[in-house]
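Descriptive structure summary
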Amino acid sequence: MPVETTREVLLGCLSVPRWADDVLAGQPYADRDALLAAADRAARELTDEELDQALSGHPRIGERGGAQSQQEQSGVDPSEGDTAQRLVAGNRAYEERFGRVFLIRAAGRDAEEILAELERRLGNDDATERAEVVDNLRQITVLRLEGALG
């Protein structure tokens, strides 16, 4: 059964108009999987401007944004004293090191896994970290679109 979506739905998954337009250009898709695959492919390459635009809508790990971010970060309890302090310190170090918010696909991860990834990624060079950010953003985007499609 052919599947289509809207620009509004797509931009709610990844706030990058070029990405949404690329996905919309392929409609209608043969099925849900074809739409998700197209969205995945289109999210693999982002310009610096698109990356900045996409990150502007993401809260820091441990800070509660909208309902979508709260659900994605359900494995992180910001009221846990030591964990909360480590997340604040890690977020600060990351932002000082890379000049942007730390982004990770939090869905399915607990606070310790996220902290371990944060600490590991602080050792990345700029190009490696940018690639990891884009890949995590892609994962988040596909998960959000899966949820939006039901």
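Whatever comes next refers back to the structure up there.
Small disclaimer: the values here were computed from a predicted structure and weren't measured.

**Concerning the packing of helix α4 (residues 48-55) against helix α8 (residues 126-149)**
Put simply, α4 and α8 touch, their axes get as near as 11 Å, and they point 55 degrees apart. When the interaxial angle is binned, α4 and α8 end up oblique. In this structure, α4 meets α8 at a crossing whose hand is left-handed. Between α4 and α8, the contacting residues are Asp48, Leu51, Ala54 and Leu55 on the first element and Arg130, Val133, Val134 and Leu137 on the second.

**Some remarks on the packing of aromatic side chains**
Under the definition given, this model contains 2 aromatic pairs. Residues tyrosine 94 and phenylalanine 98 carry aromatic rings whose centres are separated by 4.8 Å and whose planes lie at 45 degrees to one another, so their mutual orientation is tilted. Of this pair, tyrosine 94 and phenylalanine 98 both sit in helix α6 (residues 81-98), 4 residues apart, which is roughly one turn of that helix. Residue classification places phenylalanine 98 among the buried residues on the basis of a relative accessible area of 11%.

**With respect to α4**
By the burial criterion, the buried members of α4 are Glu50, Leu51, Ala54 and Leu55. Take α4 and look down its axis: the buried residues cluster within an arc of 130 degrees, on one side only. Facing away from the buried surface of α4 by more than 90 degrees, the exposed residues are Asp48, Glu49 and Asp52. Among the structural elements, α2 (17-25) and α8 are those in contact with the buried residues of α4.

**Some points on the pattern of salt bridges**
This structure, assessed with the given rule, holds 16 salt bridges. Its salt-bridge partner being aspartate 48, residue arginine 130 comes within 2.8 Å of it at the nearest N-O pair. Note that arginine 130 is positioned in helix α8 and aspartate 48 in helix α4, a separation of 82 residues in sequence. Take arginine 130: its relative accessible area is 23%, and that puts it in the partly exposed class. Look at aspartate 48 and you get exposed, because its relative accessible area is 52%. With its nearest N and O atoms 2.6 Å apart, the salt bridge here joins arginine 60 to glutamate 95. Of this pair, arginine 60 sits in the loop between α4 and α5 (67-72) while glutamate 95 sits in helix α6, placing them 35 residues apart in sequence. Given the relative accessible area of 24%, glutamate 95 is considered partly exposed. Each of the salt bridges in this network shares a partner with another, and the network as a whole consists of Glu117, Arg120, Arg121, Glu129 and Glu132.

**Some remarks on the side chain of arginine 105**
Counting through the fold element by element, arginine 105 comes out in the loop between α6 and α7 (111-121). Buried and without a salt bridge, arginine 105 has glutamate 113 as its closest oppositely charged side chain, separated by 7.4 Å. Of note is the side chain of arginine 105, whose polar atom sits 2.4 Å from the backbone oxygen of alanine 107. Residues in contact with arginine 105, not counting those within four places in the same chain, are Asn136, Gln139, Ile140 and Leu143.

Reading the values: rules and limits
- Residues numbered from 1 in each chain as written.
- Predicted model: local features only at pLDDT ≥ 70, side-chain atom pairs only at ≥ 80, totals over all residues.
- Heavy atoms only, no water.
- Axes fitted to C-alpha atoms, helices over the stretch in contact; angles between N-to-C directions.
- Helix = DSSP H or I, 4+ residues; strand = E, 2+ residues; numbered from the N terminus.
- Parallel < 35°, antiparallel > 145°, perpendicular 65-115°, else oblique.
- Left-handed = near helix turned anticlockwise from the far one by under 90°.
- Contact = heavy atoms within 4.5 Å.
- Phe/Tyr/Trp six-rings, centres within 6.5 Å; stacked < 30°, edge-to-face > 60°.
- Buried < 20%, exposed > 50% of the residue type's maximum accessible area, 1.4 Å probe, protein only.
- Arc of directions from axis to C-beta.
- Salt bridge = Lys/Arg side-chain N within 4 Å of Asp/Glu carboxyl O.
- Lys, Arg positive; Asp, Glu negative; His and termini not counted.
- Polar contact = N/O pair within 3.5 Å; in protein donor to acceptor, adjacent residues only side chain to side chain.

Read these as spatial facts, not as claims about activity.
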